[in-house]
Amino acid sequence: MECIFCKIIVGEIPAKLIYDRNEVIAFDDINPQAPTHLLIVPKKHFENAGEIAESDAEILAEMFRVAKELAKGRGLSGYRTVFNTGAEAGQSVFHAHLHLIGGRAFGWPPG
Ligand code: AMP
């Protein structure tokens, strides 16, 4: 098993777990880009968000519900959720994950 997020899910690699229920876990990003930067990750291995949508769209919905719950828990009045798909878009880990970032102002368009 080469996937780093699969290793976090089975406990082979440590991570600061924030959430673990049903089909989804969330943990702190190791290289945070904002005061809150969490990764919301399906336990089942999918390469990207499109694959989740094609295979089990309810997991995608659960990931956004978890984002809402965790953002509320941290008192964030606004937050950004991002799926990078493909290396050109900045994806570096090819196990689908939703970035939840907040706690500072963000610019648009994103870099
Ligand atoms: P992406 O570039 O969209 O694929 O995002 C991958 C994210 O995973 C990056 O923000 C990394 O900082 C983060 N990351 C990589 N390895 C780990 C790890 N072992 N624990 C937590 N976050 C990680």
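One can find the structure itself at the top, above this paragraph.
Residues numbered from 1 in each chain as written. Predicted model: local features only at pLDDT ≥ 70, side-chain atom pairs only at ≥ 80, totals over all residues. Heavy atoms only, no water.

J.: Looking at this model, I keep getting lost on the site of the ligand. Mind explaining?
T.: Contacts to the ligand come from 16 residues, most closely from Asp29, Asn84, Gly90, Ser92 and His99. Val93 has a polar backbone atom sitting 2.9 Å from an oxygen atom of the ligand. Side-chain polar atom of His99 to an oxygen atom of the ligand: 2.8 Å apart, as the coordinates give it. Relative to its unbound accessible area of 500 Å², the ligand is 85% covered by the protein chains. Using a 2 Å cut-off from the grid points, one finds that the ligand occupies the largest pocket. Secondary structure elements with two or more residues in the shell around the ligand: helix H1 (4-9) and strand E2 (24-28). A per-element tally of the shell around the ligand places H1 first, with three residues. Within the shell around the ligand, the residues separate by chemical class into seven nonpolar, seven polar and two charged. (Near = heavy atom within 4 Å. Polar contact = N/O pair within 3.5 Å; in protein donor to acceptor, adjacent residues only side chain to side chain. Areas by Shrake-Rupley, 256 points an atom, 1.4 Å probe, with all protein chains shown as cover. 1 Å grid on protein atoms, 1.4 Å probe; cavity = no way out; pocket = protein on both sides within 12 Å on 5 of 7 lines; lining within 4 Å. Sits in = over half its atoms within 2 Å of the grid points. Helix = DSSP H or I, 4+ residues; strand = E, 2+ residues; numbered from the N terminus. Nonpolar A, V, L, I, M, F, W, Y, C, P; charged D, E, K, R; others polar.)

J.: Looking at this structure, how should I read the packing of aromatic side chains?
T.: Each aromatic ring pair is summarised here by two numbers: the centre-to-centre distance and the angle between the ring planes. Going through the model one piece at a time under the given rule, you end up with two aromatic pairs. Plain terms: the ring middles of Phe5 and Phe27 are 5.3 Å apart, the flat faces sit at 80 degrees to each other, and that makes the pair edge-to-face. On the criterion of sequence distance, the pair formed by Phe5 in helix H1 and Phe27 in strand E2 is long-range, its members being 22 residues apart. Accessibility expressed as a relative area gives 2% for Phe27, which makes it buried. Ring geometry for Phe64 and Phe83: centres 6.0 Å apart, planes at 70 degrees, overall edge-to-face. Here Phe83 lies in the loop between strand E4 (79-82) and strand E5 (98-102) and Phe64 lies in helix H2 (residues 49-73), a separation of 19 residues in the sequence. Judged by its relative accessible area of 38%, Phe64 is partly exposed. Taking relative accessible area as the criterion, Phe83 reaches 22% and is therefore assigned partly exposed. (Phe/Tyr/Trp six-rings, centres within 6.5 Å; stacked < 30°, edge-to-face > 60°. Buried < 20%, exposed > 50% of the residue type's maximum accessible area, 1.4 Å probe, protein only.)

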